[in-house]
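Below, each chain spelled out in residue letters.
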Amino acid sequence: MKTYLLYLLTLLSGSVYAQLPAQQELALVGATIYTAPQTLPVISGVVIIRNGKITAVGNDKQVKVPAQMKVIDCKGLVMMAGFWNCHVHFIEPKWDHADKQPAAVLSRQMDSMINSRGFTHVFDLAALNYPNLLALRARVMSGEVNGPAMLTVGAPFVPPHGNPFYIRPLSLPEMNTPDEAVAHVTRQIRAGADGIKIMSASPDGHGIVPMPMNIIKAATSTAHKFHKQVFAHPTADTGMHIALAGGVDILAHVAPDGYHSWTKNETDQLLLHKVALIPTLKLYKWELERKQLPLTNPLMTTAVQQLGAYAGAGGEILFGTDVGYVTDYDTSDEFRLMAEAGMSFDQILASLTTAPAKRFGVAQHSGTIARGMDADIVLLKADPHTDSRHFSDVAYTIRNGKVIYSSVVRK
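Definitions and limits used
- Residues numbered from 1 in each chain as written.
- Predicted model: local features only at pLDDT ≥ 70, side-chain atom pairs only at ≥ 80, totals over all residues.
- Heavy atoms only, no water.
- Phe/Tyr/Trp six-rings, centres within 6.5 Å; stacked < 30°, edge-to-face > 60°.
- Lys NZ or Arg CZ within 6 Å of the ring centre and 35° of its normal.
- Pairing = 2+ DSSP bridges.
- Helix = DSSP H or I, 4+ residues; strand = E, 2+ residues; numbered from the N terminus.
- Buried < 20%, exposed > 50% of the residue type's maximum accessible area, 1.4 Å probe, protein only.
- Polar contact = N/O pair within 3.5 Å; in protein donor to acceptor, adjacent residues only side chain to side chain.
- Contact = heavy atoms within 4.5 Å.
- Core = buried A, V, L, I, M, F, W, Y, C linked by side-chain atoms within 4.5 Å.
- Axes fitted to C-alpha atoms, helices over the stretch in contact; angles between N-to-C directions.
- Arc of directions from axis to C-beta.
- Left-handed = near helix turned anticlockwise from the far one by under 90°.
- Nonpolar A, V, L, I, M, F, W, Y, C, P; charged D, E, K, R; others polar.
- Right-handed = clockwise from strand over helix to strand, strands pointing away.

Q: I'd like a description of the packing of aromatic side chains, backed by residues and values.
A: According to the stated counting rule, one finds twelve aromatic pairs in the structure shown. Ring pairs connect the aromatic residues Tyr-34, Phe-83, Phe-119, Phe-319, Phe-335, Phe-345 and Phe-391, which therefore count as one cluster. Directly above the aromatic system of Trp-286 lies the positively charged group of Arg-290, at a separation of 4.0 Å from the ring centroid.

Encoded structure:
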């Protein structure tokens, strides 16, 4: 019964972006502030937060801290808008029974996987137990559990006879007809999904099984009628081309399994169709290391090339790590590999902040540090301008004006 009530609460909440209970007034003083990509930093910055919103931003000569306001000394830290991770999974057994687990336990688990990485927004791209995920989301939204704004696609679906070998003995729904795809997408969205995910080409252990074009088009057209975006797991260049032709909005990974480098014609087509890309480069490093294969393997080099080709062409990149499937939560490898692919500081920062906020329709109140914006903030221990891995050196994560993570020892 409690699971059902939490599930219903999530459905009735209206939006995953509904504000958490109002937090105390707070002043963040002394940080270097990157208010947005491609802007000069504010030195000795001050940010004032009231009721979950930023009410003032500037340097210490422009903004004065009101008397009696709680102050966090941020000298030596670097401030940015809170980060997005657009590819996560809450599928590890430790998330089971999210309606019954103690809030403190769930908060500690969120700290390890999400909060300590600076993420104030996440998109879950495969829920094997959807009611459980919605129960977890409801407890975070209520403020009972410290965590991010959580979006979800519910259960992805795969081509006929196309369940991926690497999730066995588990399986995902197989769509055999366009009508089945329409019904599945409609059910998922009515149950609270914020998007839809498909396997446009799935590795079944013997080869790559492509999604029939009539099924993928039925799914994307249905999702778009509900104003929801469609993610595709492309696997290889075959899946990328099917996704593109089928009207998919976002590639959930690069597509390196065929060892095919993306050409200018391919990146031009992705640009023309305004497809966003979530690289998940660390996924390939992690898989190779588990198999004790060298990182010079063409799977890795192809993944890096594809990201570099699309980012270099001006393609939209959304940060994501596949964490939750990938059980190593550290984000530093992803940032290092993004830089290795040729992405600049500003491009990486955009992938973490402004690009996802715009893509998912919340840029009017999320993604930058400015007056009137949501007080979703990350403070780093060092400036990523000097080394992209510093994006992972998180001192504080603040969601809706509440400190949900701190690595700073307070005296």
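Now, onward.
Q: Kindly report on the pairing of strand E2 (residues 42-50), identifying the contributing residues and their values.
A: Pairing of strand E1 (residues 26-33) with E2, which is carried by six bridges, proceeds in the antiparallel orientation. Bridge pairing links Ala-31 to Gly-45 in E2. Pairing of E2 with strand E3 (residues 53-59), which is carried by six bridges, proceeds in the antiparallel orientation. If you follow Ile-48 over to E3, its bridge partner there is Ala-56.

Q: Which residues make up the side chain of Thr-321, and what are the values?
A: As for its position among the elements, Thr-321 is in the loop between strand E15 (316-317) and helix H10 (332-340). Note on Thr-321: relative accessible area 6%, which makes it buried. Within the structure, Thr-321 has its side chain in polar contact with the side chain of Asn-85 (distance 2.9 Å). Residues contacting Thr-321, with those up to four places away along its chain left out, are Asn-85, His-87, Thr-280, Val-326, Thr-331 and Glu-334.

Q: Before we move on, could you go through the nonpolar core and cite the residues and values that matter?
A: One finds Met-80, Phe-90, Met-110, Phe-157, Leu-251, Leu-307 and Phe-391 to be the most contacted residues of the largest nonpolar core, which totals 82 residues. Per-element accounting of this core gives the leading share, seven residues, to helix H9 (residues 298-312). In contact with Phe-90, other than residues within four places in its own chain, are Trp-95, Met-110, Met-113, Ile-114, Val-122, Asp-124, Leu-133, Leu-136 and Met-150. Leu-26, Ala-81, Ile-369 and Ile-398 belong to the second largest nonpolar core, which has 20 residues in total.

Q: Break down the sheet that holds strand E7 (residues 119-124) for me, with residues and values.
A: Across the sheet, three strands lie side by side as E6-E7-E8; this open sheet has parallel pairing. One side of each edge strand has no neighbouring strand; the edge strands of this open sheet are strand E6 (83-88) and strand E8 (149-152). Strand-to-strand, the axes of this sheet are offset by a mean angle of 20 degrees, without reference to chain direction. Bridge count between E7 and E8: four bridges; the pairing is parallel. The partner of Asp-124 across the bridge, within E8, is Thr-152. The strands touched by helix H3 (residues 130-141) are E7 and E8; relative to E8, the strand with the most contacts, the crossing angle is about 160 degrees.

Q: I'd love a proper account of helix H7 (residues 264-272), names of residues and values included.
A: Turning to H7, its buried residues number three or more, namely Glu-266, Thr-267 and Leu-270. Relative to the axis of H7, the buried residues are bounded by an arc of 95 degrees and lie together on one face. Residues of H7 that are exposed and point over 90 degrees away from its buried face: Lys-264, Asn-265 and Leu-272. Structurally, H7 contributes buried residues whose contacts are with helix H6 (237-246), strand E13 (250-251) and H9. Following H7 by one or two positions, Lys-274 has its phi on the positive side, about 55 degrees.

Q: Please provide a residue-by-residue account of helix H8 (residues 281-290), values included.
A: For H8, the buried fraction is high: eight of the ten residues fall into the buried class. Residues of H8 that are buried: Leu-281, Lys-282, Leu-283, Tyr-284, Lys-285, Trp-286, Glu-287 and Leu-288. Gln-292, located one to two residues past H8, shows a positive phi value of around 55 degrees.

Q: Provide a residue-level description of the side chain of Thr-152, including the pertinent values.
A: Mapped onto the elements of the fold, Thr-152 is located in strand E8. Judged by its relative accessible area of 2%, Thr-152 falls in the buried class. For Thr-152, the residues in contact, after removing those within four places along its chain, are Phe-123, Asp-124, Tyr-130, Leu-133, Arg-137, Gly-192, Ala-193, Asp-194 and Gly-195.

Q: Break down the packing of H6 against H7 for me, with residues and values.
A: With their axes 10 Å apart at the nearest point, H6 and H7 run at an angle of 35 degrees to one another. Classified by chirality, the crossing of H7 by H6 is left-handed. Residue-level contacts link Met-240, His-241 and Leu-244 of H6 to Glu-266, Gln-269 and Leu-270 of H7. Broken down by class, the residue content of the contact of H6 with H7 amounts to three nonpolar, two polar and one charged.

Q: How would you sum up the sheet that holds strand E9 (residues 195-199)? Please name residues and give values.
A: Picture the strands of a sheet paired through backbone hydrogen bonds; they go either parallel or antiparallel. Strand order in the open sheet formed by five strands is E9-E12-E13-E14-E15, and the pairing between neighbours is parallel. Two strands close off the open sheet at either side, each with one partner strand: E9 and E15. Direction of pairing for E9 relative to strand E12 (residues 229-233): parallel, over a ladder of five bridges. Looking at E12, one finds that Gly-195 is bridged to Gln-229.

Q: An account of the pairing of E12 is requested, with residue identities and associated values reported.
A: A large share of E12 lies buried, amounting to five of its five residues. Every second residue of E12 is oriented toward a common face, with Gln-229, Phe-231 and His-233 on one face and Val-230 and Ala-232 on the other, all of them buried. Here E12 pairs with E13 via two bridges, running parallel. Counterpart to Ala-232 in the pairing with E13 is Leu-251. What joins E12 to E13 is H6, and the crossover it makes is right-handed.

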